[in-house]
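# Per-entry structural report
Next come the chains, spelled out residue by residue.
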Protein chains: 2
Amino acid sequence: MSTSHDDLRHHPGHLIRRAQQVHYWLWNAEVSPEVTSPQFACLYALRAEKNIDQKTLGEHVSLDRSTVAEVVTRLTTRGLVQRFRDPRDARRNLLRLTPAGLRTTERLIPKAARMNRILVSVLSECEQAELLRMLNLVVDADESLRKSAPSPTLPRERVRERRALKAG
Amino acid sequence: MSTSHDDLRHHPGHLIRRAQQVHYWLWNAEVSPEVTSPQFACLYALRAEKNIDQKTLGEHVSLDRSTVAEVVTRLTTRGLVQRFRDPRDARRNLLRLTPAGLRTTERLIPKAARMNRILVSVLSECEQAELLRMLNLVVDADESLRKSAPSPTLPRERVRERRALKAG
DNA sequence: TCAAAATCGTCAGTACACGGACTATAGTTT
DNA sequence: AAACTATAGTCCGTGTACTGACGATTTTGA
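What this report covers is the structure whose coordinates are included nearby. All of these numbers come straight from a predicted model, not from anything done at the bench.

Definitions and limits used
- Residues numbered from 1 in each chain as written.
- Chains lettered and ligands numbered in written order.
- Predicted model: local features only at pLDDT ≥ 70, side-chain atom pairs only at ≥ 80, totals over all residues.
- Pairing = 2+ DSSP bridges.
- Helix = DSSP H or I, 4+ residues; strand = E, 2+ residues; numbered from the N terminus.
- Buried ≥ 20, exposed ≤ 12 C-beta atoms within 10 Å, placed from the backbone.
- Contact = placed C-beta atoms within 7 Å.
- Near = placed C-beta within 6 Å.
- Nonpolar A, V, L, I, M, F, W, Y, C, P; charged D, E, K, R; others polar.
- Expected span 1.5 Å × (residues − 1).
- Arc of directions from axis to C-beta.

Each regular strand shows side chains that alternate between the opposite faces of the sheet. Residues and elements named next belong to chain B. Here strand β2 (residues 81-86) runs beside strand β3 (residues 89-97); their pairing, made up of six bridges, is antiparallel. Following the sheet pairing, Arg85 is matched in β3 by Asn93. The turn linking β2 back onto β3 is made up of two residues.

Structural data, given as structure tokens:
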């Protein structure tokens, strides 16, 4: 007997969302509910590359300008990141880990690694590698998919439709 | 030369988040920016099972109470779903697709299918099946992981910590 | 050199996503 | 029947996540 939630098991998109939920729960339980996963990604990137601006950080962790700004605001509020204007280009905000930020990052690194192991622990070593490889393929394919195929109906136009629809 | 965003390619959790981004973009371009993916999941579930309450819907599409309530509110506002009190149990809100809701759902079903095909189109048929199988394994494993392993540090306790930390 | 174009960040608006507190209702126990 | 418990939904707060509009600044090109 097949019901709808059964059926959704064949939808990759839906499965990806559910996988992210699992990741979210596991993160809270195993890593830290204080520092979220996107926040950690930022800290982690900032640890590797000091004094980068928000745009660059966004490219590293795959977040858009607005979201980076919000996340960084939270991190600075908690004293984990320092934000200051680039003297050489007053448009940019340069970012740097504070000592506390570095400590927190390094404390969480092994926990995040452990969480990731648990996340895919139902799979064999071989399968884990396969999953990683395939996800990377899907994620990389996007770049080509976004550039090409603006297709007959442009995304931008569609968004206008939505706004119009809601206004009316 | 390995930088941080390079490194994040080995983190399943991060990859899952990125995969969801790709899914989001593809959904907007290929299915509909008016009806989001979670909204569609609800419509789809409601099409299969009429007159279910919000909790049941949430179980089918894997969303918590609060989010279901919000999504359903949007769908009712747009006239796609009808919400009314269960006469036999006044705690429940029963949900039903409107004729317009049914039409919209059936119009989007083939588009969603197409989007899902594109999403995994970089993989071979065989790989696609493998990815689906593995994601289902990970997602199902969660149920056992949540039940067991409340572990030394309980998630609930940790959340308290965060709230306390922010207050201070 | 100076106006146009590109770039970075911010802000407002929309939508998921979740936990916890609260209310209303239903079911159970004594 | 009254008290207790369980359940469904709502409301509030927090945190992603993205788009579009805007302002400040830099870069480019005539």
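The topology assignment puts A:Leu131 in helix α7 (residues 125-147). Judged by the 22 C-beta atoms lying within 10 Å of it, A:Leu131 falls in the buried class. When the C-alpha atoms of A:Leu131 and A:Val120 are compared, they prove to be 8.9 Å apart, with 11 residues separating the residues in sequence. Not counting the four nearest positions on each side in its chain, A:Leu131 is found in contact with A:Val120, A:Leu123, B:Pro12 and B:Met134.

Note: strand β1 (residues 52-53) of chain B against β3(B), two bridges, orientation antiparallel. The residue bridging B:Ile52 from the neighbouring strand is B:Leu95, located in β3(B).

The next subject is the protein's contact with DNA strand C. For DNA strand C, the set of nearby residues contains 28 residues, the closest of which are A:Gln54, A:Lys55, A:Ala69, B:Ser66 and B:Ala90. Elements that contribute at least two residues to the surface near DNA strand C include exactly α2 (12-30), α4 (54-61), α5 (65-77) and β3 (89-97) of chain A together with α3 (37-48), α5 (65-77), β3 and α8 (155-167) of chain B. It is α5(B) that provides the largest number of residues to the surface near DNA strand C, a total of five residues. Residues belonging to the surface near DNA strand C are distributed by class as follows: seven nonpolar, eight polar and 13 charged.

In this section: α5(A). Residues and elements named next belong to chain A. Here α5 spans 18 Å end to end across 13 residues, near enough to the 18 Å set by a 1.5 Å rise per residue. Regarding α5, the residues found buried are Val68, Val71, Val72 and Leu75. Take α5 and look down its axis: the buried residues cluster within an arc of 100°, on one side only. Those residues of α5 that are exposed and angled more than 90 degrees off the buried face are Ser66, Glu70, Thr73 and Thr77. Buried residues in α5 make contact with α3 (37-48), α4, β2 (81-86) and β3. Looking one or two residues past α5, Gly79 carries a phi angle of roughly 75°, positive in sign.

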